[in-house]
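Chain and residue survey
One letter stands for each residue in the lines below.
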Amino acid sequence: MNIIAIILTLGIIVFVHEFGHFIFAKMNHIKVNEFAIGMGPAIAKWKKGDTDYSVRCLPLGGYCLMEGMGEASDDENSFNNKSVMARLMVLFAGPLFNFILAFLFSIIICHNSLIDTTVLSEVTPGGAAEEAGMQAGDEIIKLNGDRIYNYREITLQSMVDDPTKPVEVTYLRDGQEHTVTLTRKYDEETNKYYFGFVGGGRRSKGLLDEMKYSVYEVRFQIKTVVISLKMLVTGKLSKDNLMGPVGISNAMNDVIEDAKEAASSMKMSAWDSFLMVLINILNFAVLLSANLGVMNLLPIPALDGGRILFILIEAISGKPVPREKEAIVTAVGVALLMLLMIFVFFNDLGNVFHK
């Protein structure tokens, strides 16, 4: 059952991305030669208008094949013959739909589990926070002047910061804003540094509350991806932190198994156990969907961001990048991405077998 859940989750995330391109292509009267659900050999095909539709045997996403995308075409409805704005809308639509999917999943999560707020549930006696005068019930709103909305942002920021350096913490108490400077205390038992406070989630106050915190959740996941990329580039994360389909599937399997074990230890009913597993899968899916959205916006040839960069150059210069030059750059980008995928695949295998 785990493998089915993993395939469906990954498939839905990629499919939604391609569906975003498809919808906006149709809105801008761009000819779509084929829109496929799944990959591999077709098990069903039909035609409507100018578009071939197909369902393929591997439930792993899909694709949207547009006329003139990556090749010359004289068709007035080809991708390259449309306006700059139309093409930008189509390219941005894929990542946008990933962010929308992450938002919708987050609403389900917020409705069925605790909402991740920055209100403190506990302040550790003798900790840095207590010594600075902080109390349970305080709501942290800024770290070093940067606005935060989720308690996990504090943990995320701790991955980047030097734990021995002081941090300016701004919080609300009874509607009044206070700012203190905290230096985390070292704990010999865990070999970690702590502020000396604990966050506490709460139940939803209704749909508007869930929608608000769902926006914050998507923001947090996008921030997580961006910070992780920076840490990879600067060497703060190793190659073992890179994951492809194998690594993602393995990590997702661990998430499902951990949820099942937790539900079993708490002796939950069948329905509550299912709900716990589902929420954990959706949590992982929100991260993956946000990840796919951000990664596709990177200005890398062959990705949406690379194509967007070429179109922006065209918009600024007033003339398109020569197709032969764009084709060469794109081909190099594809080759490098393929090499990266091969490296990540074998890296994933190594991590799985050395677990």
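Our subject is the structure that appears above.
One structure accompanies this document, and this report is about it. (Residues numbered from 1 in each chain as written. Predicted model: local features only at pLDDT ≥ 70, side-chain atom pairs only at ≥ 80, totals over all residues. Heavy atoms only, no water.)

It is worth spelling out the side chain of Asn33 at this point. On the secondary structure map, Asn33 appears in strand E1 (residues 32-48). Given a relative accessible area of 19%, Asn33 falls into the buried group. In this structure, Asn33 is in contact with Asp50, Thr51, Asp52, Leu65, Met66 and Glu67, ignoring residues within four places of it in sequence. (Helix = DSSP H or I, 4+ residues; strand = E, 2+ residues; numbered from the N terminus. Buried < 20%, exposed > 50% of the residue type's maximum accessible area, 1.4 Å probe, protein only. Contact = heavy atoms within 4.5 Å.)

For the rest of this paragraph, the subject is the pattern of salt bridges. Tallied over the full model, the rule gives 12 salt bridges. For Arg152, the salt bridge identified is with Asp116, shortest N-O distance 2.8 Å. With Arg152 in helix H4 (residues 152-160) and Asp116 in the loop between helix H2 (84-112) and strand E3 (120-123), the pair connects residues that are 36 residues apart, well separated along the chain. Accessibility expressed as a relative area gives 28% for Arg152, which makes it partly exposed. (Salt bridge = Lys/Arg side-chain N within 4 Å of Asp/Glu carboxyl O.)

Moving on, we come to a nonpolar patch on the surface. Taken together, the side chains of Ile328, Val332, Leu336, Leu339, Ile342, Phe345 and Phe346 present a nonpolar region at the surface, about 720 Å² in accessible area. Summarising the element assignment, Ile342 is placed in helix H9 (residues 323-353). (Patch = residues over 30% accessible without salt bridge, like charges linked within 9 Å, V, L, I, M, F, W, Y side chains within 5 Å. Areas by Shrake-Rupley, 256 points an atom, 1.4 Å probe, with all protein chains shown as cover.)

A few words on the pairing of strand E7 (residues 176-182). Examined bridge by bridge, strand E6 (residues 167-173) and E7 share 7 bridges and lie antiparallel to one another. In the strand pairing of E7, Thr170 is matched with Thr179. Connecting the antiparallel pair E6 and E7 is a turn made up of 2 residues, with Asp174 showing a positive phi of about 55 degrees. (Pairing = 2+ DSSP bridges.)

This part is about the packing of aromatic side chains. Counted according to the given criterion, the structure contains 15 aromatic pairs. With a centroid separation of 5.9 Å and 55 degrees between ring planes, the pair formed by Phe15 and Phe35 is classed as tilted. A residue pair is termed long-range when its members are at least 10 positions apart, and Phe15 in helix H1 (residues 2-27) and Phe35 in strand E1 qualify at 20 residues. You can call Phe35 buried: its relative accessible area is 5%. (Phe/Tyr/Trp six-rings, centres within 6.5 Å; stacked < 30°, edge-to-face > 60°.)

Attention shifts here to the sheet that holds strand E5 (residues 146-147). The 4 strands are arranged E5-E4-E6-E7 in an open sheet whose pairing can be described as antiparallel. Across the chains shown, the open sheet's two edge strands, defined by having one partner strand only, are E5 and E7. With 4 bridges connecting them, strand E4 (residues 139-143) and E6 associate as antiparallel partners. Residue Lys142 lies in a different strand from E6, and its bridge partner there is Thr170.

The subject of this paragraph is the environment of Tyr216. Along the chain, Tyr216 turns up in helix H5 (residues 207-234). By relative accessible area, which is 19% here, Tyr216 ends up buried. Considering only alpha carbons, one finds Tyr216 and Ile148, 68 residues apart in sequence, at a separation of 8.9 Å. Setting aside residues no more than four positions away along its own chain, Tyr216 makes contact with Tyr149 and Asn150.

Despite not being glycine, Asp174 shows a phi value in the positive range, around 55 degrees. Along the chain, Asp174 turns up in the loop between E6 and E7.

What follows deals with the nonpolar core. Grouped together as the largest cluster of nonpolar side chains are 44 residues, with contacts concentrated most on Met66, Phe79 and Val90. Only H1, E1, strand E2 (51-66), H2, helix H6 (245-265), helix H7 (270-297) and helix H8 (304-317) provide two or more residues apiece to this core. In this structure Phe79 touches Ile30, Met66, Glu67, Gly68, Met69, Arg87, Val90, Leu91 and Ile311, once residues within four positions along its chain are discounted. Grouped together as the second largest cluster of nonpolar side chains are 16 residues, Leu120, Ile140, Leu182 and Phe197 included. (Core = buried A, V, L, I, M, F, W, Y, C linked by side-chain atoms within 4.5 Å.)

This part covers the environment of Asp162. Summarising the element assignment, Asp162 is placed in the loop between H4 and E6. Judged by relative accessible area, which is 34%, Asp162 ranks as partly exposed. Residues Asp162 and Tyr193, 31 residues apart in the sequence, show an inter-C-alpha distance of 10.0 Å. Side chain to side chain, Asp162 and Thr164 meet in a polar contact 2.8 Å long. (Polar contact = N/O pair within 3.5 Å; in protein donor to acceptor, adjacent residues only side chain to side chain.)

Running from N to C, H1 and H2 cross one another at 140 degrees; their axes reach a closest spacing of 7 Å. Judged by the inter-axis angle, H1 sits oblique to H2. For H1 against H2, the interelement crossing comes out right-handed. The segment H1 lies against H2, with Ile12, Ile13, Val16, His17, Phe19, Gly20, His21, Phe24 and Ala25 engaging Met89, Val90, Leu91, Ala93, Gly94, Pro95, Phe97, Asn98 and Leu101. Along the lines of polarity and charge, the residues of the contact of H1 with H2 split into 13 nonpolar, 5 polar and no charged. (Axes fitted to C-alpha atoms, helices over the stretch in contact; angles between N-to-C directions. Parallel < 35°, antiparallel > 145°, perpendicular 65-115°, else oblique. Left-handed = near helix turned anticlockwise from the far one by under 90°. Nonpolar A, V, L, I, M, F, W, Y, C, P; charged D, E, K, R; others polar.)

Keep in mind these numbers describe shape, not what the thing actually does.
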